[in-house]
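Analysis of the macromolecular model
Residue strings, one per chain:
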Amino acid sequence: MKNGDLSTLIQNFIGDHFGYVADRTEYISAASSIRTPSAARLIAHYLPQYYPIPENDEWWGKGFTEWTNVTRAVPQFVGHYQPHLPADLGFYDLRLPEVQEQQVALAKNAGLSAFSFYFYWFSGRTLLEAPLKRFVENENIDFQFCLCWANEDWSRTWSGNADEILISQEYSPEDDIAFIAHIARYLRSEKYFRVDGKPLINVWRSTMLPDPAATVGRWRDWCRQNGIGEIHVSRCESYERLDPADQGLDSAFQHAPSDSRWLEQNLARYPGAPPLLNPNFDGQVFDYHDLVRRSREFVEPNYLLFRSVCPSWDNQARRPGAGRTLIGADPDSYRDFLETVIDQTARRQPDPDKRIVFINAWNEWGEGAHLEPDRRFGFGNLEATKMADLRVALRHGRIAEPNRIAVVVHVYYTELLSECLGWIESLELPHDLFITTATEKRATVEAFVAERGLAATVVAVDNRGRDVAPFLQVLQSLDYERYGKVLKLHGKATQSDPHGASWRQGLFRTLADPEKLQRALALFDANPDIGVLGPSEFLLAMQPYLGRNEAAVRRLAQRMGAEFEPEADTFFAGTMFIARTRALLPLGALGFATADFEPEQGQGNGTLAHAIERSVIYSAKAAGLTLAAIDDNADAGTGLVSKGRSTFPYVIK
């Protein structure tokens, strides 16, 4: 056995026995750019310590950055995920403007609203301020930010000597004014994040201020007198829990996992301590899932509190052999955690502007808390962020459903263009037509469109994923506020199956006939729980047709947060249907690109396209909707439609 094989075997054994998840390459995919509704405003804490500064050179050694800590981390016990190493963004340097541009692109695609920059102010002296300045001044960055004054002394805590102060805080009324005057340049920025129109200023340790109410009062007076207006000041609850009004502040924010409600004595130690790799390990190991469980039991205080989550936590990089680790964290568990907190926030906070959730963090690599892609989970945490927010928004948000339909027709066999598109000329419903085809056939399709005078967008892609990959490309570009429904069709003509033509004609007969399409839309109006409609003769039970697709289908359902019930679930063979756009948003949010699909080799089963064909129901489930099948051949009033686990009468004649 090769060493690599032995390593894999050991890691899988560890996963079975100690809750460690072996390398999960299924998480590694591109971040989806699909536009989706949001249930809350998500702010990720942002650490600027990824470039050298003279002070760190002096205190920690030449060239020190946070990466210095990250790369020295090693596993302390069996199954310990260390080191956390960056993937797509690499070991970046924040002196390069393109780094922040790439970060913002990822953050926006994941549904984040803002970064909260840690701001280091020491009586008129600032540290690590350059990335903030570049962020604000960069015209290519269209993303919000706010500041969190990290008002603690800097010491050698990382190296175990907390008593040695490197730079200290010295408070005074004069310094209060100097601080607010200094950050005024940021508060005035159009990019600055606001609550009820007021710039949000976060304070890490308000209790360290000699007189918090007096300090905040000076800030408010100065801002009123200097054209900024009212401000919103929030305090962190990492160390103390108290009503912010007692200190003259407006709100508080959690900072998972170091929240006063989740201190060491309250967290559950990880059951069955894993065997140590470092016999001198003096750290602490806790169960990440305990945070998730506790979040479900959260009791709201009688003051405004912004909740917080973390995708993971492990500060071994900063405290070798003595860190605190949350074991069992992965994107699925993080999605559950975030979804729970967003859902509670959306339910309990009537003011949308105050539906704010903090995420710790965007890039705390030294504390094992990061949304940025890593080499183990890829884009998993970014995808989980978007999916959690989307699922809550779809379940509880009032999402408009316009009358306009996006008609998406894939035509690979161009000889079928007339058959597949002829009906569109008599379609009087508000719609836009999208025709997808293989790259080498684009000219033929465009010539047909021009000759027939069709108003259509032609999308050409590599011949991968058959009709599914091109459809996802179109889906990811659609605006859910413009299209209430999506009609998906394709020129099915399976060369190895003589029934391909009859499949196509049967599907088109039920879905593409303008009159029947109108009636299908009426079914949606009458049944708000239906997400996807298709012909009953093509609705198949899931279990008998899983086969080699089962692992992939199960994983797709998990990534969308939908329950996988193969004995009860169904799917539309042929992948032709009409759906509410919102029923497909979770599928679009997975971010699949054409390159993720296997090269076309005439496969009859077992490909990503086959798995996605069977996963449309899980996208609908994730949106709180279901599938229903139209019986096109039954007499009026006697046809049956499968819906979930039951059947009931629906007919379109």
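In the block above lies the structure referred to throughout.
Just so you know, these numbers come straight off a predicted model, no measurement behind them.

Moving on to the overall build of the protein. Within the protein one finds 19 helices and 27 strands. Just so you have it, the protein exposes about 25700 Å², and 48% of that area is on carbon and sulfur atoms.

As a further point, take the packing of aromatic side chains. Within the structure shown, the criterion is met by 39 aromatic pairs. It is Arg307 that lies over the ring of Phe298; its NZ or CZ is 3.6 Å from the centre. Across the ring face of Tyr412, the terminal group of Lys441 is positioned such that the distance to the ring centre comes to 3.7 Å.

Attention shifts here to the pattern of salt bridges. Pairing of side chains with opposite charge becomes possible as their charged atoms draw close. Under the definition given, this model contains 44 salt bridges. The salt bridge involving Glu401 is made with Arg582; its shortest N-O contact spans 3.2 Å. Within this pair, whereas Glu401 is found in the loop between α10 (380-396) and β17 (405-410), its partner Arg582 is found in helix α17 (residues 581-589), the two being separated by 181 residues in sequence. The partner of Asp467 in a salt bridge is Lys488, with the nearest N and O atoms 2.4 Å apart. Residue Asp467 is located in the loop between β19 (456-461) and α13 (468-475), and its partner Lys488 is located in strand β20 (residues 485-490); the two are separated by 21 residues in the primary sequence. Residue Lys488 is classed as buried on the basis of its relative accessible area, which comes to 2%.

The terminal C-alpha atoms of helix α7 (residues 212-225) lie 20 Å apart, and with 14 residues this matches the ideal 20 Å at 1.5 Å per residue to within 8%. Every buried residue belonging to α7 is among Pro212, Thr215, Val216, Trp219, Arg220, Trp222 and Cys223, and all of these are buried. Buried residues along α7 cover an arc of 165 degrees about the axis, so they all sit on one side. Tucked into the core, α7 has its buried residues touching β4 (144-149), α6 (173-187), β8 (198-203) and β9 (232-236). Just downstream of α7 lies Gly227, where phi reads positive at about 80 degrees.

On to the packing of α6 against α7. The axes of two packed helices give the description: the angle between them and the distance between them. Contact geometry of α6 with α7 gives a least axis separation of 9 Å together with a crossing angle of 50 degrees. Regarding the angle of α6 to α7, the classification is oblique. Crossing handedness for the pair α6 and α7: right-handed. In this structure, α6 contributes Pro173, Asp176, Ile177, Phe179, Ile180, Ala181, Ala184 and Leu187 to the contact, and α7 contributes Thr215, Arg218, Trp219, Trp222 and Cys223. A per-class count over the contact of α6 with α7 returns ten nonpolar, one polar and two charged.

With that out of the way, let us pick up the environment of Asn202. Tracing the chain through its elements places Asn202 in strand β8. For Asn202, a relative accessible area of 0% gives the class buried. Residues Asn202 and Cys236, 34 residues apart in the sequence, show an inter-C-alpha distance of 7.3 Å. Each residue touching Asn202, except ones within four places of it in the same chain, is listed here: Ser116, Cys146, Leu147, Cys148, Trp149, Ser234, Phe253 and Phe358. A distance of 3.5 Å separates polar atoms of two side chains, one belonging to Asn202 and the other to Ser116.

Attention shifts here to helix α5 (residues 130-137). The complete set of buried residues in α5 reads Pro131, Leu132, Phe135 and Val136. Looking down the long axis of α5, one finds its buried residues gathered within 130 degrees of arc, a one-sided arrangement. Against α4 (97-109), β2 (114-122), β4 and α6 lie the buried residues of α5.

Below, the discussion takes up the pairing of strand β12 (residues 305-309). Taken across its five residues, β12 has five buried, putting it largely inside the fold. Residues Leu305, Arg307 and Val309 of β12 are buried on one face, and the alternating residues Phe306 and Ser308, pointing to the opposite face, are buried as well. Pairing of strand β10 (residues 251-253) with β12, which is carried by two bridges, proceeds in the parallel orientation. Each residue of the ladder has a partner; that of Ala252, found in β12, is Leu305. Pairing analysis gives three bridges linking β12 to strand β14 (residues 356-359), with the strands arranged parallel. Looking across to β14, one finds that Val309 is bridged to Ile359.

A few words now on the state of the cysteines. With the rule as written, the count across this model stands at zero disulfides. Of the cysteine sulfurs around Cys146, a residue in no disulfide, the closest is that of Cys148, at 7.9 Å.

One finds Leu112, Phe115, Trp219 and Trp362 to be the most contacted residues of the largest nonpolar core, which totals 103 residues. The biggest single contributor to this core is β2, with eight residues. If we skip the residues at most four places from it in the chain, Phe115 touches Ile43, Ala44, Tyr46, Gln103, Val104, Ala107, Phe135, Phe143, Gln144, Phe145, Cys146 and Trp362. With 55 residues, the next largest nonpolar core counts Leu390, Leu472, Phe577 and Val616 among its residues.

Buried residues dominate β4, accounting for five of its six residues. In this structure, β2 lies alongside β4, joined through six bridges in parallel fashion. By the bridge assignment for β4, Ser116 is matched with Cys146. Of the pairings in the sheet, the one linking β4 to β8 comprises three bridges and is parallel in character. Residue Leu147 lies in a different strand from β8, and its bridge partner there is Ile201.

On to the side chain of Asp432. Considering the arrangement of structural elements, one finds Asp432 in strand β18 (residues 431-438). Residue classification places Asp432 among the buried positions, given a relative accessible area of 18%. Excluding anything up to four places from it in sequence, Asp432 contacts Arg404, Ile405, Ala406, Val407, Arg482 and Tyr483.

With that out of the way, let us pick up unusual backbone geometry. Here Ala256 and Pro257 are connected by a cis peptide whose omega angle stands at 0 degrees. Considering the arrangement of structural elements, one finds Pro257 in the loop between β10 and β11 (284-287). Residue Asn360 is joined to Ala361 through a cis peptide bond whose omega torsion reads 15 degrees. Backbone geometry at Arg466 places phi at a positive 45 degrees, although glycine is not the residue there.

Criteria and cut-off values
Residues numbered from 1 in each chain as written. Predicted model: local features only at pLDDT ≥ 70, side-chain atom pairs only at ≥ 80, totals over all residues. Heavy atoms only, no water. Helix = DSSP H or I, 4+ residues; strand = E, 2+ residues; numbered from the N terminus. Areas by Shrake-Rupley, 256 points an atom, 1.4 Å probe, with all protein chains shown as cover. Phe/Tyr/Trp six-rings, centres within 6.5 Å; stacked < 30°, edge-to-face > 60°. Lys NZ or Arg CZ within 6 Å of the ring centre and 35° of its normal. Salt bridge = Lys/Arg side-chain N within 4 Å of Asp/Glu carboxyl O. Buried < 20%, exposed > 50% of the residue type's maximum accessible area, 1.4 Å probe, protein only. Expected span 1.5 Å × (residues − 1). Arc of directions from axis to C-beta. Contact = heavy atoms within 4.5 Å. Axes fitted to C-alpha atoms, helices over the stretch in contact; angles between N-to-C directions. Parallel < 35°, antiparallel > 145°, perpendicular 65-115°, else oblique. Left-handed = near helix turned anticlockwise from the far one by under 90°. Nonpolar A, V, L, I, M, F, W, Y, C, P; charged D, E, K, R; others polar. Polar contact = N/O pair within 3.5 Å; in protein donor to acceptor, adjacent residues only side chain to side chain. Pairing = 2+ DSSP bridges. Disulfide = S-S within 2.5 Å. Core = buried A, V, L, I, M, F, W, Y, C linked by side-chain atoms within 4.5 Å.

Treat this as a map of the structure, not an account of what it does.
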